[in-house]
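Residues per chain, in single letters:
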Protein chains: 2
Amino acid sequence: MREAFHQNLQLISDQLVEMTRLAASAMSRATTALLDADVHLAESVIAADKQIDIVREELDALAVDILAREQPVATDLRMVVTSMRMSSDLERMGDLARHVAKVARLRYPESAVPPELRATVLQMGQVAERIVAKAGSIIAARDVEEAKLIERDDDEMDALHRELFEHLVDGSWRHGTESAVDVTLLGRYYERYADHAVSVATRVVYLVTGEWDLDADSDEPEDLIAR
Amino acid sequence: MREAFHQNLQLISDQLVEMTRLAASAMSRATTALLDADVHLAESVIAADKQIDIVREELDALAVDILAREQPVATDLRMVVTSMRMSSDLERMGDLARHVAKVARLRYPESAVPPELRATVLQMGQVAERIVAKAGSIIAARDVEEAKLIERDDDEMDALHRELFEHLVDGSWRHGTESAVDVTLLGRYYERYADHAVSVATRVVYLVTGEWDLDADSDEPEDLIAR
């Protein structure tokens, strides 16, 4: 009985890692679709989001089942409850990658990103991928020390996001309002994606140490909140 | 023992209703702050968000405590798990109201909303308030029938959101890119707020009927996703 229980906990952990893999792949391909104005790739990202939702559904069903059958306490209970929060973050990250892909599709055959912002958006995509890859390793290894460092990667995303906004509002914008709307939302999608990834990694600290940290809920940095 | 247990479940339900009240008040005041360029009101909304976070923290701590001590199954387990999801939605709604208030503060002494969009934003605020008030009544009364109707209010929000965007991109925009960025984000904040409120209400269906509905996760309507 206890063995089956721990197999189930391991299965949940594996599913979380699988979700980070799917979310990373979605955002990586969405960024390429966006920059290359590749409508087929965009369509494939949009279609693949279902897969993340399915893993999430399985994970949550398993978690509720464990709560009902095994009635875990202490560390085990913490693991199950926290996993459900993490799956919610990861599912949302899939949605955000899909949103990026939808912008790519909407503007096809043009790219939604003006030439002078391509490098910034490319970097945002790379930072997003790096954060979620780290989140996956952190979950797999229950690596509290690495989890505590992940904010640094998020700082990088915030700096890129700020760069994007400054370019929008510095008076030099020549691409019209529609393009400004696209870039505003794209910036927000990448930033929120990174926030959720940080939240996923940070929850591992709670999982392992038992220190409940409400700040683990994904939220924006104060100086970007109004943007 | 069972009586204490049911008192705790009732307490959780009361806390959820209290959160809807706080989230409604926050968005109502944020909208006024935005339209009246009232920086003091904006500050008070920003400060009051802590209160929603505190209720959420209490609720989640109580929920975890119930899981550990009472080891509920079936309907009771469903109630506890679903409540934690609802508190997460409501906490996020508080954040979104705070974001609106931050835009108001950022543009003070101007209003961030151009004159011709005031009526639309006012209506978005009113629809947001109405949806969350309904969500509160639906939780208190466990009113499945009303919960199933709440999508109609959300359709209204989506129509207003579309109106806002159409005005941004129809070629008549004369307020500059910075203002376009503000209005883009404001539109998204109201829309996401309503999505989360709908999600809260829809989860009551699961709570009462046991029909798990993954679509209850707040997500955007398909034709607005890319926006």
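First things first, this report covers the structure right here in the doc. (Residues numbered from 1 in each chain as written. Chains lettered and ligands numbered in written order. Predicted model: local features only at pLDDT ≥ 70, side-chain atom pairs only at ≥ 80, totals over all residues. Heavy atoms only, no water.)

Attention now moves to the pattern of salt bridges. Scanning the entire structure with this criterion turns up 32 salt bridges over all chains. Linking Arg-130 of chain A and Asp-153 of chain A is a salt bridge whose minimum nitrogen-to-oxygen distance equals 3.0 Å. Linking Arg-130 of chain A in helix H4 (residues 118–141) with Asp-153 of chain A in helix H5 (residues 144–169), this pair joins segments that are 23 residues apart in sequence. A relative accessible area of 33% means that Arg-130 of chain A is categorised as partly exposed. A salt bridge links Asp-153 of chain B to Lys-134 of chain B; the nearest nitrogen and oxygen atoms lie 3.0 Å apart. Highlighted residues: Asp-153 of chain B in helix H5 (residues 144–169) and Lys-134 of chain B in helix H4 (residues 118–141), separated in sequence by 19 residues. Through salt bridges that share partners, Asp-49, Arg-92, Asp-95 and Arg-98 of chain A make up one connected network. (Salt bridge = Lys/Arg side-chain N within 4 Å of Asp/Glu carboxyl O. Helix = DSSP H or I, 4+ residues; strand = E, 2+ residues; numbered from the N terminus. Buried < 20%, exposed > 50% of the residue type's maximum accessible area, 1.4 Å probe, protein only.)

Packing of helix H2 (residues 39–70) of chain A against helix H3 (residues 74–107) of chain B brings their axes to within 10 Å, and their N-to-C directions diverge by 135°. As the angle between them shows, H2 of chain A and H3 of chain B are arranged oblique. You can see that H2 of chain A and H3 of chain B cross each other, and the crossing is right-handed. Here Arg-56, Asp-60, Val-64, Leu-67 and Ala-68 of chain A of H2 of chain A come into contact with H3 of chain B, specifically with Leu-77, Val-81 and Arg-85 of chain B. A breakdown of the residues in the contact of H2 of chain A with H3 of chain B according to their chemical character gives five nonpolar, no polar and three charged. (Axes fitted to C-alpha atoms, helices over the stretch in contact; angles between N-to-C directions. Parallel < 35°, antiparallel > 145°, perpendicular 65-115°, else oblique. Left-handed = near helix turned anticlockwise from the far one by under 90°. Contact = heavy atoms within 4.5 Å. Nonpolar A, V, L, I, M, F, W, Y, C, P; charged D, E, K, R; others polar.)

Such coordinate-based values are descriptive only and should not be taken to indicate function.
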